[in-house]
Protein chains: 2
Amino acid sequence: MSELGNLEFVRPAEIERRSFQIISDELGDRALNPEDAPVIKRVIHTTADFDYADTLYFSPHATERGAEALRAGCSVVTDTTMAMAGINKRVLGRLGGSVINFIADPDVAREARERGVTRSAVAMDHAARLDQPLVFAIGNAPTALVRIYELVSAGLMPAPRLVIGVPVGFVNVVESKELVRGLGVDCILAMGRKGGSNVAAAIVNALLYLASNDARE
Amino acid sequence: MSELGNLEFVRPAEIERRSFQIISDELGDRALNPEDAPVIKRVIHTTADFDYADTLYFSPHATERGAEALRAGCSVVTDTTMAMAGINKRVLGRLGGSVINFIADPDVAREARERGVTRSAVAMDHAARLDQPLVFAIGNAPTALVRIYELVSAGLMPAPRLVIGVPVGFVNVVESKELVRGLGVDCILAMGRKGGSNVAAAIVNALLYLASNDARE
């Protein structure tokens with residue numbers, strides 16, 4: 001339609017492919033680790049923020065190991081319903097996993113009030129009691145990430161198969177990521193203040209597409 | 001605990017207040033429109049991205065009018081389940097509104113396939129048939145925003161009470177926001193490529209807190 005001016009009609013199936021092409025072009029000859037590039041590009045696709053090419057930290061082979069865990073049917077613990085909403089549950093379910101989120105559990109809310117800590121931290125205590133291998137995807141609450149650090153350090157939880165630690169914000173966010181970086185677990189972190197539930201979901205989805213050999217980048 | 005190094009214990013209820021104080025401090029003497037400042041600060045709180053202090057566009061009195069609409073019980077149409085998950089439905093419900101999202105409707109998926117357009121665009125056609133005042137919160141799909149433009153331009157939908165237009169991405173995203181800016185409807189837009197479902201939800205929530213005289217900033 002002529003009144004749409006500069007708009008170009010792009011078939012729905014083309015939009016994502018075209019977007020990734022633009023991202024690759026603008027990254028130019030930046031030296032991304034080829035193993036991690038699909039994760040980095042998907043986060044940029046979700047945020048339009050190229051800062052993530054600098055701030056995403058990957059422990060050695062975190063991408064490969066995270067994808068392996070999901071391929072084997074590992075479930076994903078999140079700290080928000082937003083991250084849960086953003087994760088591709090169809091692909092996750094096909095691989096045998098599901099999304100686990102204790103944040104809306106009334107027991108968690110009550111225990112958080114009683115202990116004077118966040119619901120997100122208490123939700124991690126509940127996850128620690130699950131007797132199964134887990135990927136954690138924390139996009140909002142630094143208190144959840146700190147609690148994972150405490151639980152693993154104290155031997156109260158086995159090392160997760162992967163910790164995706166991308167909380168966003170201004171209070172203890174930077175520090176929570178530094179703690180997990182020093183913990184020696186497989187992890188993907190957005191160093192600094194930025195991150196979010198959308199970023200957490202994007203990283204899980206990138207790993208899911210690698211795990212399921214989805215043709216998407 | 002000593003091993004937590006630089007981490008400072010902050011009571012859960014304090015975290016948000018403290019975060020907004022840091023945001024205000026770092027914004028310094030930047031001249032934000034006082035009416036819009038709570039919206040801008042909440043978006044920065046959600047993203048840790050100060051770019052939004054420059055890129056958020058408000059049509060005259062959009063914040064006040066959006067808050068008024070929500071105070072009167074107006075419902076919110078979103079384009080993603082992520083935005084839906086992020087909106088404070090407790091406060092929205094108390095004011096009499098709800099979140100409306102057609103994206104998971106099987107009819108929408110089928111119609112999108114048949115017409116070769118996105119599900120998000122078709123979802124807006126369904127919203128246009130609702131006989132009630134609406135706020136639109138579009139955080140993902142520029143095709144949804146373009147469809148709102150087409151529907152209002154063609155007289156097929158009354159002007160929404162507010163259009164929150166913050167899709168993110170690389171294909172037709174910038175252009176979709178320019179179109180809506182020129183449409184003459186009350187709107188809050190994130191000009192440029194950035195945005196997201198988290199940003200859409202943050203803007204709705206900021207308006208909800210203004211509408212309900214919530215003490216939060």
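As the structure is a computational prediction, the values presented were derived from the model and not from experiment.

> So what exactly am I meant to see when it comes to the overall build of chain A here?
Scanning chain A for helices and strands turns up 11 helices and six strands. Its C-alpha atoms give chain A principal-axis dimensions of roughly 60 × 40 × 35 Å. Intrachain contacts of chain A at a sequence separation of at least 6 include 64% that bridge at least 24 residues. Surface accessibility of chain A: about 9000 Å² in total, with carbon and sulfur atoms responsible for 49%.

> I would appreciate a short explanation of the pairing of strand S5 (residues 162-165) of chain A in the present structure.
For a regular strand, side chains alternate in direction, first toward one face of the sheet and then toward the other. All names here are of chain A. Taking every second residue as pointing to the same face, both faces of S5 are buried, with Leu162 and Ile164 on one and Val163 and Gly165 on the other. Where strand S4 (residues 134-138) lies against S5, four bridges are found, and the strand directions are parallel. Residue pairing across strands places alanine 137 opposite isoleucine 164, the latter belonging to S5. Running through helix H9 (residues 142-153), the crossover from S4 to the neighbouring parallel element S5 is right-handed. Pairing between S5 and strand S6 (residues 187-190): three bridges, direction parallel. By the bridge assignment for S6, isoleucine 164 is matched with isoleucine 188.

> Looking at this structure, I do not really get the interface of chain A and chain B. What am I missing?
Reports of interface size often rely on the accessible area that becomes lost once the parts have come together. With 45 residues of chain A at the contact, the number on the chain B side is 45 residues. Between chain A and chain B, the buried area comes to about 3600 Å², and carbon and sulfur atoms account for 69% of it. Of all residues in chain A, Met82(A), Phe170(A) and Val171(A) bury the most surface against chain B, accounting for 19% of the area lost on that side. Taken together, the links from chain A to chain B amount to four salt bridges. Across the salt bridge formed by Lys194(B) and Asp49(A), the nearest N and O atoms sit 3.8 Å from each other. Linking chain A with chain B are three residue pairs in polar contact (both at pLDDT 80 or more). Of all the secondary structure elements, the ones that give two or more residues to the side of chain A that touches chain B are helix H1 (12-27), helix H2 (37-47), helix H5 (81-86), H9, helix H10 (173-181) and helix H11 (197-211) of chain A. For the side of chain A that touches chain B, the residue count by class is 21 nonpolar, 15 polar and nine charged.

> In this structure, what is going on with the relation of the copies chain A and chain B? I would like to understand it.
What relates the two chain copies is a rotation about an axis together with a slide along it. Expressed as a screw operation, the relation of chain A to chain B combines 0.0 Å of axial shift with a rotation of 180 degrees, fitting to an RMSD of 0.0 Å. Each copy turns onto its partner about a two-fold axis. In terms of proximity to the rotation axis, the leading residue of chain A is Met82(A), whose C-alpha is 2.5 Å off the axis. Looking at the interface residues of chain A, 100% of them are also at the interface in chain B, so both copies use one shared face.

> Would you take a moment to explain empty space enclosed by the protein for this structure?
Empty space among the atoms becomes apparent when a probe as large as a water molecule is rolled across them. Counted by the stated rule, this structure contains one cavity of 30 Å³ or more. There is about 110 Å³ of room inside the largest cavity. Here the lining of the largest cavity is composed, by residue class, of four nonpolar, six polar and four charged.

> So what exactly am I meant to see when it comes to the side chain of Asp186(A) here?
Residue and element names in this part refer to chain A. Mapped onto the fold, aspartate 186 is located in the loop between H10 and S6. Side-chain polar atoms of aspartate 186 contact the side chain of arginine 65, separated by 3.0 Å. Leave out the neighbours within four places in its chain, and aspartate 186 touches Ser59, Pro60, Arg65, Arg161, Leu162 and Val163.

> In this structure, what is going on with the side chain of Asn172(A)? I would like to understand it.
Mapped onto the elements, Asn172(A) comes out in the loop between S5 and H10. Not counting the four nearest positions on each side in its chain, Asn172(A) is found in contact with Pro142(A), Leu7(B), Glu8(B) and Val10(B).

> I keep staring at H9(A) and nothing clicks. Help me out?
Since there are 3.6 residues in each turn of an α-helix, residues three or four apart along the chain are aligned in direction. All names here are of chain A. Between the first and last C-alpha of H9 there are 16 Å, a value that for 12 residues agrees with the 16 Å anticipated at 1.5 Å per step. Of all 12 residues making up H9, 10 are buried, and the element is well covered by its neighbours. Residues of H9 that are buried sit in contact with helix H7 (106-115), helix H8 (119-128), S4, S5 and H10.

> Looking at this structure, I do not really get the packing of aromatic side chains. What am I missing?
Two aromatic rings are characterised by how far apart their centres lie and by the angle between their planes. Taken as a whole and judged by the stated rule, the model has two aromatic pairs over all chains. For the ring pair Phe50(A) and Phe170(B), a centre distance of 6.1 Å and an interplane angle of 85 degrees mean the geometry is edge-to-face. Residue Phe50(A) is located in the loop between H2 and helix H3 (52-55), and its partner Phe170(B) is located in the loop between strand S5 (162-165) and helix H10 (173-181); the two belong to separate chains. Take Phe170(B): its relative accessible area is 11%, and that puts it in the buried class. Geometry around Tyr57(A) places Arg181(A) over its ring, the cationic atom sitting 5.3 Å from the centre.

> Got a minute to help me understand the environment of Met157(B) in this structure?
Residues and elements named next belong to chain B. As for its placement among the helices and strands, methionine 157 is situated in the loop between helix H9 (142-153) and S5. With 124 residues separating them in the primary sequence, methionine 157 and asparagine 33 have C-alpha atoms 31 Å apart. In contact with methionine 157, not counting residues within four places along its chain, are Ala128, Phe136, Ile148, Leu151 and Val152.

> Sorry, what's going on with the confidence of the model for chain A here?
Predicted coordinates in regions of low pLDDT should not be interpreted in detail. Across chain A, the average pLDDT comes to 93, with 96% of residues at 70 or higher. Predicted as a complex, the structure gets a pTM of 0.94 and an ipTM equal to 0.92.

> Before we go on, may I ask you to explain unusual backbone geometry in this structure?
For residues that are not glycine, phi is negative in most cases, and the peptide bond is trans in most cases. Residues and elements named next belong to chain B. Despite not being glycine, alanine 48 shows a phi value in the positive range, around 55 degrees. Within the secondary structure, alanine 48 sits in the loop between helix H2 (37-47) and helix H3 (52-55). We classify alanine 48 as buried; its relative accessible area is 8%. Non-glycine residue histidine 61 carries a positive phi angle of around 60 degrees. Summarising the element assignment, histidine 61 is placed in the loop between strand S1 (56-58) and helix H4 (62-71). Among the residues examined, histidine 61 registers a relative accessible area of 43% and is labelled partly exposed.

Calculation criteria
Residues numbered from 1 in each chain as written. Chains lettered and ligands numbered in written order. Predicted model: local features only at pLDDT ≥ 70, side-chain atom pairs only at ≥ 80, totals over all residues. Heavy atoms only, no water. Helix = DSSP H or I, 4+ residues; strand = E, 2+ residues; numbered from the N terminus. Contact = heavy atoms within 4.5 Å. Areas by Shrake-Rupley, 256 points an atom, 1.4 Å probe, with all protein chains shown as cover. Buried < 20%, exposed > 50% of the residue type's maximum accessible area, 1.4 Å probe, protein only. Pairing = 2+ DSSP bridges. Right-handed = clockwise from strand over helix to strand, strands pointing away. Buried area = accessible area lost by both parts, 1.4 Å probe. Salt bridge = Lys/Arg side-chain N within 4 Å of Asp/Glu carboxyl O. Polar contact = N/O pair within 3.5 Å; in protein donor to acceptor, adjacent residues only side chain to side chain. Nonpolar A, V, L, I, M, F, W, Y, C, P; charged D, E, K, R; others polar. Least-squares fit on C-alpha atoms with pLDDT ≥ 70 in both. 1 Å grid on protein atoms, 1.4 Å probe; cavity = no way out; pocket = protein on both sides within 12 Å on 5 of 7 lines; lining within 4 Å. Points joined across faces, edges and corners; volume = space filled by probe spheres on them. Expected span 1.5 Å × (residues − 1). Phe/Tyr/Trp six-rings, centres within 6.5 Å; stacked < 30°, edge-to-face > 60°. Lys NZ or Arg CZ within 6 Å of the ring centre and 35° of its normal. pLDDT = per-residue confidence, 0-100.

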